[in-house]
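# Notes for the structure review
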Amino acid sequence: MRHRQCLNCLTPLRKRGISEVANAYEIAAMRRAIAISAQGLGSTSPNPPVGCVILDSDGRTVGEGYHVRKGESHAEVNALTAAGKLAEGGTAVVTLEPCNHYGRTPPCREALVNANVARVLIAVMDPTSRGEGGAALLQRAGVVVEQDFLKGEALLVLGNWQASLNGGRPFITWIYEAGTDGKPNPNSAQGIAFEEMDSLRGSYDLVISQEGGIEEGVPGGHGNDVFHLPNRALGEDIDAMVKALNATGARSILLSGAVDQFSRIASAGMIDQVISYLPRTSPSRSPGKDVGRVIAIPDGFRLTEVTRTASRVRLTGRRT
């Protein structure tokens, strides 16, 4: 009964400083929920990628689930379905606040109440809640709710979705190979950046190639009834282009390659992240007087990661 006491009475135990056992179960459960939620990247939009783990009253994992696409069961419902009766008196650990409205599916807070869970741990509060949020109504129903549980870690998956809501447009990443001066190289569309684009595309709703082609990161992943590809190529009007891409329901877009249009999108402040590959250079090198300014990443971005590959230095930058 030791675990049951820790899990169901966590708040007073924390005040007494003896919640280590409960924390171990719950932290592991939230990290598991975050990990499985990433399987919804590239298919859930315009909905968020959410994961949920159900712990029974003894702290054992009895069910888990994640959201796949709009119109299908949410993470909480999938996890509760897997847990069955074992969810009663247990804890639901979920990466995003359970929804509180009827849409294509019933509200998740209702499913949690009907399953008689005792507690709900939430990583990120839902900025799209309509009226009172799911957390408030769970508490009103007698469920113990804790917010911001490993929030920073959950935003590793939910961050781009949240940024898209805050910015009113998709989160845009630009990946390209650079020349020795650090600037995008338009002659490298089939190089290492192109190869990484192929591995990253599953995490993005849309991929736009250097040639202007637009396709889903996961072909057919969103379902035709809630997600629609643009019926035209990129135009010269950047604002109109981003508006058209946003209308598809996309929350994230990957631009691959180096063309003037992508540079103009960056200059307009509409690119949120860059991934650049710098070629190897001599340990003692003068670029030459005609090269001009040598850079690492474009102006307006700060370095967030630097790694070395076999033949390149890989830089990641986020907009400042």
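I will try to describe carefully the structure that is included in this document. (Residues numbered from 1 in each chain as written. Predicted model: local features only at pLDDT ≥ 70, side-chain atom pairs only at ≥ 80, totals over all residues. Heavy atoms only, no water.)

### Notes on the overall build of the protein chain
Using the following cut-off: To qualify as a helix, a DSSP run of H or I must reach at least 4 residues; to qualify as a strand, a run of E must reach at least 2; elements of each kind are numbered from the N terminus. Whether a residue is buried, partly exposed or exposed follows from its accessible area with a 1.4 Å probe, protein chains only, as a fraction of its type maximum: under 20%, in between, or over 50%, in that order. Whether two residues are in contact is decided by their heavy atoms, any of which lying within 4.5 Å being enough. The method behind every accessible area is Shrake-Rupley, applied with a 1.4 Å probe, and residues are considered shielded solely by the protein chains displayed.
Scanning the protein chain from N- to C-terminus turns up 10 helices and 12 strands. Taking all 320 residues of the protein chain together, 47% fall into the buried category. A sequence separation of at least 24 residues applies to 66% of the contacts in the protein chain between residues at least 6 apart. Approximately 15000 Å² of the protein chain is accessible, and the part contributed by carbon and sulfur atoms is 49%.

### Focus: the state of the cysteines
To keep it simple, the criterion reads: Note on disulfides: each one is a pair of cysteine sulfur atoms within 2.5 Å.
Under the definition given, this model contains zero disulfides. Here Cys-52 stays unpaired: no disulfide links it, and the sulfur of Cys-108, its closest cysteine neighbor, is 8.5 Å away. Looking at Cys-52, the relative accessible area reads 0%, which means it is buried. Sulfur of Cys-99: no disulfide; nearest cysteine sulfur belongs to Cys-108 and is 3.7 Å away.

### Thoughts on the side chain of Asp-272
The test is simple: Nitrogen and oxygen atoms within 3.5 Å of one another constitute a polar contact, given that in protein one can donate a hydrogen and the other can accept it, and given that sequence-neighbouring residues count only through two side-chain atoms.
Its location among the elements puts Asp-272 in the loop between α10 (260-267) and β10 (273-279). Here the side chain of Asp-272 touches Arg-169 through a polar contact of 3.0 Å, side chain to side chain. Excluding residues that lie within four positions of it along the chain, Asp-272 makes contacts with Arg-169, Pro-170, Phe-171, Ile-172, Phe-301, Gly-317, Arg-318 and Arg-319.

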